[in-house]
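Read off the chains here:
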Amino acid sequence: MTTSPAAADVLLHNFRDLGIQPDYYDRIVTGDLGTIGQRILIEMMKGYGYNIEPQHFDCGTEIYYNEEQDTNAGGSGCGCSAITLCGYILDKMRRNEWKRVLFVPTGALLSTVSFNEGNSIPGIAHGVMLESVSGSERKV
């Protein structure tokens, strides 16, 4: 199970609704697709005519050591997304290293009932546009 299709849906709507390209953002951040889901997302987006690879990184691939921890399909989506946002992304924005970030945390709607009944596990994604304002542009 991967949440890559859910992330792709959020990205597609963002780009199309706003009439922008991926390079509008300094970073497009997902979490937590892992290395497998990240490859799937990048290929899906290329199929729709959008190359997100230069701007994209995934929270799970940033905080885990895939070779040592075997996190090919991801670790903890909600945990690694929150940690990466608070401990890394917002700091980059405070320093004005990144001005625009599209943050797309992903997850699975897990249910022991539906899973035990053989139903699929739906993947979800939410898009949050973050934009920093430099000190000289801030209104007092």
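Relevant structure appears above.
Structure report, in brief. (Residues numbered from 1 in each chain as written. Predicted model: local features only at pLDDT ≥ 70, side-chain atom pairs only at ≥ 80, totals over all residues. Heavy atoms only, no water.)

1. Details of the nonpolar core
Core analysis: the largest hydrophobic core is formed by 19 residues, its most contacted members being L11, F15, I28, L41, M45, I52 and V104. At the level of elements, α1 (4-18), α2 (34-47) and β3 (100-108) are the ones that each hand at least two residues to this core. Among all residues touching V104, those that are not within four sequence positions of it are A7, V10, L11, V29, T30, G31, A125, H126 and G127. In terms of nonpolar packing, the next biggest core, distinct from the first, is built from 11 residues, F57, M93, V101 and L130 among them. (Core = buried A, V, L, I, M, F, W, Y, C linked by side-chain atoms within 4.5 Å. Buried < 20%, exposed > 50% of the residue type's maximum accessible area, 1.4 Å probe, protein only. Helix = DSSP H or I, 4+ residues; strand = E, 2+ residues; numbered from the N terminus. Contact = heavy atoms within 4.5 Å.)

2. Structural notes on the pattern of salt bridges
Tallied over the entire structure, the rule returns 5 salt bridges. The closest approach of N and O atoms between K92 and E97, which form a salt bridge, is 2.9 Å. E97 gets classed as partly exposed once you look at its relative accessible area, which sits at 43%. Salt-bridge contacts for E131 lead to R100; the nearest nitrogen and oxygen are separated by 3.8 Å. Here R100 lies in strand β3 and E131 lies in strand β5 (residues 128-131), a separation of 31 residues in the sequence. On the basis of relative accessibility, which here comes to 27%, the residue R100 falls in the partly exposed class. Ionic contacts of the salt-bridge type, sharing partners, join the residues E43, K46 and E53 into one network. (Salt bridge = Lys/Arg side-chain N within 4 Å of Asp/Glu carboxyl O.)

3. Concerning the environment of L102
On the secondary structure map, L102 appears in strand β3. Take L102: its relative accessible area is 1%, and that puts it in the buried class. With near-sequence residues (within four places) excluded, L102 lies in contact with L11, N14, Y25, R27, I28, V29, V128 and M129.

4. Some thoughts on the packing of α1 against α2
Running from N to C, α1 and α2 point in directions that differ by 40°, and their axes come no closer than 9 Å. Like other packed secondary-structure pairs, α1 and α2 cross with a definite hand, here right-handed. Contacts from S4, P5, A7, A8, L11, L12 and F15 in α1 reach G37, I40, L41, M44 and M45 in α2. Looking at the contact of α1 with α2 residue by residue, the class counts come to 10 nonpolar, 2 polar and no charged. (Axes fitted to C-alpha atoms, helices over the stretch in contact; angles between N-to-C directions. Left-handed = near helix turned anticlockwise from the far one by under 90°. Nonpolar A, V, L, I, M, F, W, Y, C, P; charged D, E, K, R; others polar.)

5. Description of the packing of aromatic side chains
Given two aromatic rings, one states the distance between the centres and the angle between the planes to describe the pair. Under the defined criterion, the tally for this structure stands at 5 aromatic pairs. Consider the rings of Y88 and W98, whose centres lie 5.6 Å apart with planes at 80°: the pair is edge-to-face. Residue Y88 is located in helix α5 (residues 77-94), and its partner W98 is located in the loop between α5 and β3; the two are separated by 10 residues in the primary sequence. Aromatic rings pair up to connect F57, Y88 and W98 into one cluster. Between the NZ or CZ atom of R100 and the centre of the ring of Y24, over which it lies, the distance is 4.1 Å. (Phe/Tyr/Trp six-rings, centres within 6.5 Å; stacked < 30°, edge-to-face > 60°. Lys NZ or Arg CZ within 6 Å of the ring centre and 35° of its normal.)

6. Overview of α2
Taking 1.5 Å as the rise per residue, α2 with 14 residues should run 20 Å; its terminal C-alpha atoms sit 20 Å apart, in good agreement. Listing the buried residues of α2 in full gives G34, G37, Q38, L41, I42 and M45. In an axial view of α2, the angular spread of the buried residues amounts to 135°, which keeps them on one side of the axis. When the buried face of α2 is taken as reference, the exposed residues oriented beyond 90 degrees from it are R39, E43 and G47. A positive phi of about 90° marks G49, the residue just after α2. (Expected span 1.5 Å × (residues − 1). Arc of directions from axis to C-beta.)

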